[in-house]
There are 2 protein chains.
Amino acid sequence: MTDRLTLGVAARLSTYLRVLTQYRKQGSESISSQEISEYANVNPTQVRRDLSAFGKFGKRGVGYDVKSLTSQIQGILHTGGTHTIALVGAGHLGSAIATSSIFKEHGFRIAAAFDIDEDKVGTAVGDLTVEHADGISARCRELGVVLGVIAVPPESAQMAAEALVDGGLSILFNYTETLLDVPEDVTVHTINPAEEMLYALYFYLT
Amino acid sequence: MTDRLTLGVAARLSTYLRVLTQYRKQGSESISSQEISEYANVNPTQVRRDLSAFGKFGKRGVGYDVKSLTSQIQGILHTGGTHTIALVGAGHLGSAIATSSIFKEHGFRIAAAFDIDEDKVGTAVGDLTVEHADGISARCRELGVVLGVIAVPPESAQMAAEALVDGGLSILFNYTETLLDVPEDVTVHTINPAEEMLYALYFYLT
DNA sequence: TGTTACTTGTGAACACTTTCGCATAGTTGG
DNA sequence: CCAACTATGCGAAAGTGTTCACAAGTAACA
Ligand SMILES: NC(=O)c1ccc[n+]([C@@H]2O[C@H](COP(=O)([O-])OP(=O)(O)OC[C@H]3O[C@@H](n4cnc5c(N)ncnc54)[C@H](O)[C@@H]3O)[C@@H](O)[C@H]2O)c1
Ligand SMILES: NC(=O)c1ccc[n+]([C@@H]2O[C@H](COP(=O)([O-])OP(=O)(O)OC[C@H]3O[C@@H](n4cnc5c(N)ncnc54)[C@H](O)[C@@H]3O)[C@@H](O)[C@H]2O)c1
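Note that the structure is predicted; figures quoted are calculated from it, not measured.

Undergrad: It is not clear to me how the site of ligand 1 should be interpreted in this structure. Could you clarify?
TA: The full set close to ligand 1 counts 28 residues, and Leu 93, Asp 115, Lys 120 and Ile 191 of chain A together with Ser 100 of chain B are the nearest of them. Each of chains A and B places residues next to ligand 1. Here an oxygen atom of ligand 1 sits 3.3 Å away from a polar atom, N or O, in the main chain of Val 152 of chain A. Between Ile 191 of chain A and ligand 1, the recorded distance is 2.6 Å, taken from a backbone N or O atom to a nitrogen atom. Against a free-state accessible area of 860 Å², the protein chains account for coverage of 88% of ligand 1. Among the elements that make up the shell around ligand 1, the one with the highest residue count is helix H5 (residues 92–99) of chain B (three residues). Looking at the shell around ligand 1 residue by residue, the class counts come to 17 nonpolar, seven polar and four charged.

Written as structure tokens, this is what we have:
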């Protein structure tokens, strides 16, 4: 149990957590492996196996209690608390991210938003006041940011990445198509829907 | 070879395609499995094995020719042409999507954008003129749309999904947190960065 | 031409994932 | 209280994925 989860299990548990978080908002108290599997696009047996590896969380004939299963998975992933993130780029995408409830729901607090455009610095996006990109590194250290989101034009992405790395971050989420060159200990997660679209299309076409 | 790819292989090939597409724009003609693996977050041996299953695309001592490898993978995934997509919701996120080059680069053409807000209908986002959401189903059929993107507020997502399904689509990309209920033959892909953030954090914290 | 440095392609071993089938346990309604 | 139904948990087997180690090709340069 002190072992590190394999990549696949950790990915699926994160997906279940997303489904559960939303399912709970929609009112229901109990959920079956069948229902989880439909929203998560996995096999129901897989869901049960993933969960039963850590204990007997379900009730036969009933399903899983949404609230307690949520805590259990948060426990397994050690991600129950609040985590502080920083946003670079306050354009269309940046505003959408800053005002979205998606992050808050899962315990992520956007602590600062940065832009290079003097007209945007000082204005509000969501609950935040946009700060100048010059301050990225210093402010990230100050605020204890663990994760940076890059939502700038593609040609500025490398620059943004370097500023965030300078601020001590080692997890970057890159919404641009730019391939980022970062130190070895930094992980870049790329949000590129086109990639998933190609994948989706393959299974549609065959 | 007429067999369907496994989920994992198809996903990785899509990732390689994303990396190659961008790498090519940055000028280089040749790429090694090592380089692909760094940008794709996989093991270099895995890259070589995935590719060598379909033929000998590389040159020992040199690497892979970026251009020809791109075509080869497009051939394997059958996704070389242009595919037509529709966008529902022309707010902050919708505008960002409509103006992003990410989709075009991979052969996706956004053929129409819809919104319910009368003030937005008729205005331009990117190259498109926003159309009224009432026309979603009819226009999707007319335009031969294969894939729909949902970028509306969470409470409107189910409605948007139903309109798209009515228009004959069976692949939906959902940027909202809402769990969508759709017919069995429709696949929903959810873009929820928070899910991937939880996953990223797990490996960071352990 | 010979040497050095590089990088692919693949056999073999091992680890992990996925699925089936079914015993087991809880629930509901008569 | 019993019968019908539902849904979990898990043994076992088959299928995939992942990594190591190395032979074999290619290029560049002295
Ligand atoms: N992955 C996705 O799902 C997705 C969706 C839409 C857009 N995108 C991509 O997101 C990026 C941004 O799109 P957008 O529509 O928000 O663009 P935008 O032009 O509206 O906003 C970009 C903002 O970044 C700021 N900026 C520029 N350089 C900066 C720097 N060095 N530091 C800080 N801020 C800087 C600009 O001032 C601007 O405010 C694009 O690359 C686009 O392709 C990705
Ligand atoms: N997954 C991600 O990466 C990500 C990032 C940012 C935002 N989001 C989510 O995207 C959604 C949209 O965010 P936004 O900032 O663009 O919001 P927004 O309010 O700026 O835009 C929403 C638009 O949808 C339109 N709309 C409402 N109902 C509609 C309907 N039934 N049909 C057509 N159009 C309709 C509205 O008129 C508005 O123009 C939110 O749910 C947000 O949480 C997701």
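Undergrad: Help me understand the sheet that holds strand E1 (residues 30–31) of chain A in this model?
TA: Two orientations exist for strands paired in a sheet by backbone hydrogen bonds: parallel and antiparallel. All names here are of chain A. Overall, antiparallel pairing links the three strands, which are arranged E1-E3-E2 in an open sheet. In this open sheet, the two strands that pair with only one neighbour each are E1 and strand E2 (58–59). Note: E2 against strand E3 (residues 63–65), two bridges, orientation antiparallel. Looking at E3, one finds that Gly 58 is bridged to Tyr 64. Seen against the sheet, helix H4 (residues 66–77) touches E1 and E3 and runs at an angle of roughly 75 degrees to E3.

Undergrad: Where do I start with the interface of chain B and chain A in this structure?
TA: Taken together, the 66 residues of chain B in the interface contact 66 residues of chain A. In total, about 6,400 Å² of surface goes out of reach between chain B and chain A, with carbon and sulfur atoms giving 69% of it. In this assembly, chain B and chain A are joined by 14 residue pairs in polar contact (both at pLDDT 80 or more). The dominant element in the side of chain B that touches chain A, judged by the number of residues it contributes, is helix H9 (residues 193–205) of chain B, at 13 residues. A breakdown of the residues in the side of chain B that touches chain A according to their chemical character gives 37 nonpolar, 20 polar and nine charged.

Undergrad: Just checking my understanding: could you explain the relation of the copies chain B and chain A for this structure?
TA: Between the two copies of this chain, the relationship is a rotation about some axis together with a displacement along it. Turning chain B through 180 degrees and shifting it by 0.0 Å along the axis lays it on chain A, with an RMSD of 0.0 Å. The operation mapping one copy onto its partner corresponds to a two-fold rotation axis. Comparing interface residues between copies, 100% of those in chain B also lie at the interface in chain A; the contact surface is shared.

What counts as what
Residues numbered from 1 in each chain as written. Chains lettered and ligands numbered in written order. Predicted model: local features only at pLDDT ≥ 70, side-chain atom pairs only at ≥ 80, totals over all residues. Heavy atoms only, no water. Near = heavy atom within 4 Å. Polar contact = N/O pair within 3.5 Å; in protein donor to acceptor, adjacent residues only side chain to side chain. Areas by Shrake-Rupley, 256 points an atom, 1.4 Å probe, with all protein chains shown as cover. Helix = DSSP H or I, 4+ residues; strand = E, 2+ residues; numbered from the N terminus. Nonpolar A, V, L, I, M, F, W, Y, C, P; charged D, E, K, R; others polar. Pairing = 2+ DSSP bridges. Contact = heavy atoms within 4.5 Å. Axes fitted to C-alpha atoms, helices over the stretch in contact; angles between N-to-C directions. Buried area = accessible area lost by both parts, 1.4 Å probe. Least-squares fit on C-alpha atoms with pLDDT ≥ 70 in both.

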